[in-house]
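# Examination of the molecular architecture
Okay, here's what each chain looks like letter by letter:
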Amino acid sequence: MKPPTFFLSSTIYDFRDLRSALKYYLEQQGCRVLASDYNDFPKPLDTHSYEACLKAIGECDYFVLLIGARVGGWFNEVEQVSITQQEYRHAYSLHLQGKLKLLSFVRSEVWRMKDDRKLLEKHIATLDLDPGAKNQVLLAPTKSATNAEFVVRFIEEVGKNRETAASAQGKGTRPTGNWLHQFESFKDVVEPIQLQAFSNLPVEEAALRRLLKQELREILRRCLLPGGAEGNAYSPRIAIYNFYATLTKPLSLDQATTAVNTQQYRRMVSLWMHVMQTKFAPQILSEAVRSSAFMEYDRVSGEMREMPVHDALLKLLMEIQGFGLKDSSDLLKLVLKGFPRSDQPQTTVVNSMHLFMLLHSIDRWSNIIDLCRSIVVFLEGGRFVVPNLRPRSPMYCDDDLVS
């Protein structure tokens, strides 16, 4: 698995603690984090540090921008472009190419300073003051920013205010990547990153779910029958239900033989022959059952409890373990020996034990399909619905089947 790579862009002095916390948190999630103030940052000796940072951004999946009160060092002092600003511009160009995703944050007090400055600017414009005096007031430093004018311009650049206003007038398209998250705490930064980068899941859990979905899809591919409507595969559940519906009484091993509908029995044997050689060796499923990925906190008890889908995973594992028959080849010979021809009478008498073993395997097969379907829907973001499963023993028929 290749974990996502993050680039942390900000002024160092006022964000040292937050950068350290973010780096630690993301690395605990299994991510790679590039932060220029750490020794593990790639530092080619034949390249200037500014250029090395820009090159490193190109290796990343996510660019995390933190805007605070300071300007930091200048990338181009003449044009008033800061190092952090140049990093952002390079990252945004990669975003436009679909090579990188932006996650931008601004301190709440700095955002409020921007709004207050806009109000002050509007108020000063109404006053009869010398233009030079007005400008001195607007350029005065504040507790929220050492260079308020630059910080405001940078926030507006990241928020794409001009482009958005122009698009509203029919001049150009609406810009993307212009989300700006205000933050006051570490949690305010982590939550958007978690939601956007991991679908609100830790990396290991997200990877487990992805691999599990792939494994269940492969199981479905091997279990479903070809030849459905429009070439689609289909489940044997309806055929199984139809067979049980023809039994005049529940299957019992107390009787050596059982009378069955000839055509329906032929259908059951044909279905069983389709999957009798199928072998399952799920690896991710076993890991998912043992992991805490499908557990949730119960506020009432104050304990972690299994989610409904966890029970389904455990049932699926049990169904797969109970599916295989060690003597399936011997059973096949016995079943085929008494296999009725299509022109035989409507009712056929078969060995009860052979029928029991055959139906037990087919019921497990049907349950594997239904459980896989429900779990895959859940893993794809849908609501988990507990499937109506076949009973553990074919000697007990359920009358409330859903096809």
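The preceding data block contains the structure.
This one's a predicted model, so the numbers in the text were calculated from it and none came from an experiment.

## What to know about the packing of helix α10 (residues 237-246) against helix α11 (residues 262-275)
Contact pair α10 / α11: the axes reach a minimum separation of 9 Å and the direction vectors enclose 145°. The element α10 and its partner α11 pack so that their crossing is left-handed. Together, Ala239, Ile240, Asn242, Phe243 and Thr246 of α10 and Gln264, Tyr265, Arg267, Met268 and Leu271 of α11 make up the contact between the two elements.

## Regarding the side chain of Arg19
Mapping Arg19 onto the fold places it in helix α1 (residues 16-28). A distance of 2.7 Å separates the side chain of Arg19 from the side chain of Asp37, its partner in a polar contact. Residues in contact with Arg19, not counting those within four places in the same chain, are Leu8, Ser9, Ser10, Thr11, Ile12, Ala35, Ser36, Asp37, Tyr38 and Leu66.

## Some thoughts on the packing of aromatic side chains
Under the defined criterion, the tally for this structure stands at 14 aromatic pairs. Pairing Tyr88 with Tyr92 gives two aromatic rings, centres 5.9 Å apart and planes at 35°, and the pair type is tilted. Here Tyr92 and Tyr88 lie together in helix α3 (residues 83-96), a separation of four residues that amounts to about one turn. In this structure Tyr88 comes out as buried when scored by relative accessible area, which is 1%. With 5.6 Å between their ring centres and 55° between their planes, Phe280 and Phe323 make a pair best called tilted. Of this pair, Phe280 sits in the loop between α11 and α12 (284-290) while Phe323 sits in helix α13 (residues 308-323), and the two are 43 residues apart along the sequence. There is no split in this pair, since Phe280 and Phe323 are both buried. Three or more aromatic residues link up through ring pairs in this structure, and these residues are Trp74, Tyr88, Tyr92, Phe150 and Phe154. Residue placement shows Lys23 over the ring face of Tyr38; its charged tip is 5.2 Å from the ring centre.

Cut-off values and rules
Residues numbered from 1 in each chain as written. Predicted model: local features only at pLDDT ≥ 70, side-chain atom pairs only at ≥ 80, totals over all residues. Heavy atoms only, no water. Axes fitted to C-alpha atoms, helices over the stretch in contact; angles between N-to-C directions. Helix = DSSP H or I, 4+ residues; strand = E, 2+ residues; numbered from the N terminus. Left-handed = near helix turned anticlockwise from the far one by under 90°. Contact = heavy atoms within 4.5 Å. Polar contact = N/O pair within 3.5 Å; in protein donor to acceptor, adjacent residues only side chain to side chain. Phe/Tyr/Trp six-rings, centres within 6.5 Å; stacked < 30°, edge-to-face > 60°. Buried < 20%, exposed > 50% of the residue type's maximum accessible area, 1.4 Å probe, protein only. Lys NZ or Arg CZ within 6 Å of the ring centre and 35° of its normal.

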